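So the chains spell out like this:
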Amino acid sequence: MLPPANRLKKEKEIKRARAGKMIGGSGLLACRAAANDLPVARFCFIVSKKISPKATARNKIKRRLRAAIAAAMPRIASGFDCVLIARFGLAAKNYQEICDCVNLVLARAGLIKSS
RNA sequence: CAAGCCGGAAAAGCAACCGCUCUUGAAUAAUAAAAUCUUCGGGGGAGGAAAGUCCGAACACCCAGUCCCGAUCCCGAGCGUAAGCGAGGGAGAGGGAUUAAAAGCAAAGGGUAAUUCCCUUUAUCCGCGAGGAAGAGAUGCGAACAGUGACGGCCAAACCGAGAGGCGAGGCAUCCCAAUCCCGAGCGCAAGCGAAGGAAAGGGAGUAUUCCCAUGGCAACAUGGGAGUGAAACGGCUAAAUUCUUGCUCGGGUGCAAGGUUAAACAUCCCGCCCAAGGCGGGGUGAAAAGUAAACCGCUUGAGGCCGCGGAGUAAUUCGCGGUCCAGAUAAAUGGUUGCUCAUUUUCGCUGAAUCCGGCGAAAAGGACAGAAUUCGGCUUAUUGCCGGCUUGGGCU
RNA sequence: GCCUCUGUAGCUUAACGGACAAAGCGCCGGUCUUCGGAACCGGCGAUGGGGGUUCGAUUCCCUCCAGAGGCG
């Protein structure tokens, strides 16, 4: 689970982030982000019933995405809100594949620190 | 060994690293004190179905008609110098009673906060069996098709009513066809024929035209009694979760997104400061923004659960004592990753007489259904392997 | 999350518990026409799945499935 400061909670903020312009994606994952005025990056995760009709499977996808983001947090730039949307097929992947996918998508959206 | 029936408990384990939530203790910072922030430590953290939302309740709010009580408030004849008292009238938070509609009625008895749930007994039905299923107030308007023919025919004292008519003791009959039989008015010298009436093997249509015993009778059958149902009577008894009539019971509705508390920004007015446009700070306003955004409470201690002991009861259940507080999240915590072990599956090898079985070894795969959302009691559905008891069948001794 | 509602031919709607489940549009075939349309005639085609009550179920009851809606 992410620390509370890195969670994106309010519905209005999520809608703002989904309308944002920093867009990245791959076949298994989509990313929408918008800049905020805070010194942290905030995330939320969307897994629809189309991905899997079973609630337990959806919860597992969300937990793995959160773990992948938490692992990548030191390399992530601050100052934006990000929504990660799972696409069909992600349920069949293991943790390492999800990590690779998350890193690829974040790099395409330009959210990785340029050090 | 195979196929079944009933019941029970469980819901893979261990370690390492990295995290989340609730609660609690300490320290530090700030403060009048606290809320709060950070760090460290202790403790708790999904289910038997958390699911479907099919029943039932708790809890919260809202709403009808009639009647009663009613804190409090208003008017007030009159009395009094006055303060005040005050018949009577009106409003009325709230409390109680009742119910028109809607809804309900589940064998008998019991349990429960309550139920279509659970328990005991049981008519009946299903199964070879272990066992399982099972009952919907009363009445009976109406009831397709088939069939010559189907919830009921015919007569009727007494009583009520001006009458039409109502009610109805009691009597007769009891689906249709039917070989044949009984009876025998009458006809005939006789053999015999034989109306009406009665019974009937068997057959027919249909979901459906009660069952048993005793006595009498050549027999058909009659009479009486009984079983189950029913309070009883009675020529009663095929029968439905809808409809109609009727009896009894019962206020209704919405659901924690119920409901409650606090309450901005912006607007506008005043004051102060900054050279000014304008900005900053403080205070106020209400009929508008707004009782809105948002936050908090409800929110987890409850008709509790679990463990132990004892009592009542066939049982469901219940009573007493002691111990234990056993999830409270909110784009939604209770986890993520790695390694090992165990259950399981597949493949290969060895072994023995052994492609099928057992043992040993190796490799690979790899956890059933499924995620609390106000709370609880049931039901139903999904689903993994295990344990105990029992039944039927087969084989061996 | 809480609470409701609806499933009938390809589509839109009917059907007191009673005969082969009705109608319109559509589809197929035919007649007519040089061809097509219109018109006329005929045909195909359905009660979401399973169970119960009943002699008999689209209808009543239970259950599963699918779809839709309301509530800050």
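My aim in this report is to walk through the structure given alongside it, one point at a time.

## Details of the overall build of chain A
Part 1 of the reasoning: When helices and strands are counted, chain A shows 3 helices and 4 strands.
Part 2 of the reasoning: In chain A, the order of α-helices and β-strands from amino to carboxyl end is α-β-β-β-α-β-α.
Part 3 of the reasoning: Of all 115 residues assigned to chain A, the portion counted as buried reaches 41%.
Part 4 of the reasoning: Considering only residue pairs separated by 6 or more positions, chain A has 81% of its internal contacts joining residues 24 or more positions apart.
Part 5 of the reasoning: Here chain A has roughly 6700 Å² of accessible surface; of this, 55% comes from carbon and sulfur atoms.

## So, the pairing of strand β4 (residues 80–86)
Part 1 of the reasoning: Among the 7 residues in β4, 7 count as buried, and that is most of the element.
Part 2 of the reasoning: Burial along β4 is two-sided: the face carrying F80, C82, L84 and A86 and the face carrying D81, V83 and I85 are both buried.
Part 3 of the reasoning: Strand direction decides the pairing type here: strand β2 (residues 29–35) and β4, joined by 7 bridges, are antiparallel. Note that in β4 the partner of L29 across the bridge is A86.
Part 4 of the reasoning: As paired strands, strand β3 (residues 41–46) and β4 are joined by 6 bridges and run parallel to one another. Paired with I46 across the two strands is I85, which belongs to β4.
Part 5 of the reasoning: A crossover links β3 with its parallel partner β4, the connecting element being helix α2 (residues 55–72), and its sense is left-handed.

## A few points about the packing of aromatic side chains
What describes a pair of aromatic rings is the distance from one ring centre to the other and the angle between the planes of the rings.
Part 1 of the reasoning: Inspection of every chain in the model, using the stated rule, returns 1 aromatic pair.
Part 2 of the reasoning: Centre to centre, the rings of F43 and F80 are 6.1 Å apart; their planes meet at 85°, and the pair counts as edge-to-face. In this pair, F43 is assigned in strand β3 and F80 in strand β4, connecting sequence segments 37 residues apart.
Part 3 of the reasoning: We classify F80 as buried; its relative accessible area is 3%.

## A look at the pattern of salt bridges
Opposite charge on two side chains makes pairing possible when the charged atoms of those side chains draw close.
Part 1 of the reasoning: On inspection of all chains with the given rule, the structure shows 1 salt bridge.
Part 2 of the reasoning: The partner of D81 in a salt bridge is R42, with the nearest N and O atoms 2.9 Å apart. Linking D81 in strand β4 with R42 in strand β3, this pair joins segments that are 39 residues apart in sequence.
Part 3 of the reasoning: Overall, D81 belongs to the buried group, its relative accessible area being 1%.
Part 4 of the reasoning: For R42, a relative accessible area of 13% puts it in the buried group.

Parameters at a glance
Residues numbered from 1 in each chain as written. Chains lettered and ligands numbered in written order. Predicted model: local features only at pLDDT ≥ 70, side-chain atom pairs only at ≥ 80, totals over all residues. Heavy atoms only, no water. Helix = DSSP H or I, 4+ residues; strand = E, 2+ residues; numbered from the N terminus. Buried < 20%, exposed > 50% of the residue type's maximum accessible area, 1.4 Å probe, protein only. Contact = heavy atoms within 4.5 Å. Areas by Shrake-Rupley, 256 points an atom, 1.4 Å probe, with all protein chains shown as cover. Pairing = 2+ DSSP bridges. Right-handed = clockwise from strand over helix to strand, strands pointing away. Phe/Tyr/Trp six-rings, centres within 6.5 Å; stacked < 30°, edge-to-face > 60°. Salt bridge = Lys/Arg side-chain N within 4 Å of Asp/Glu carboxyl O.

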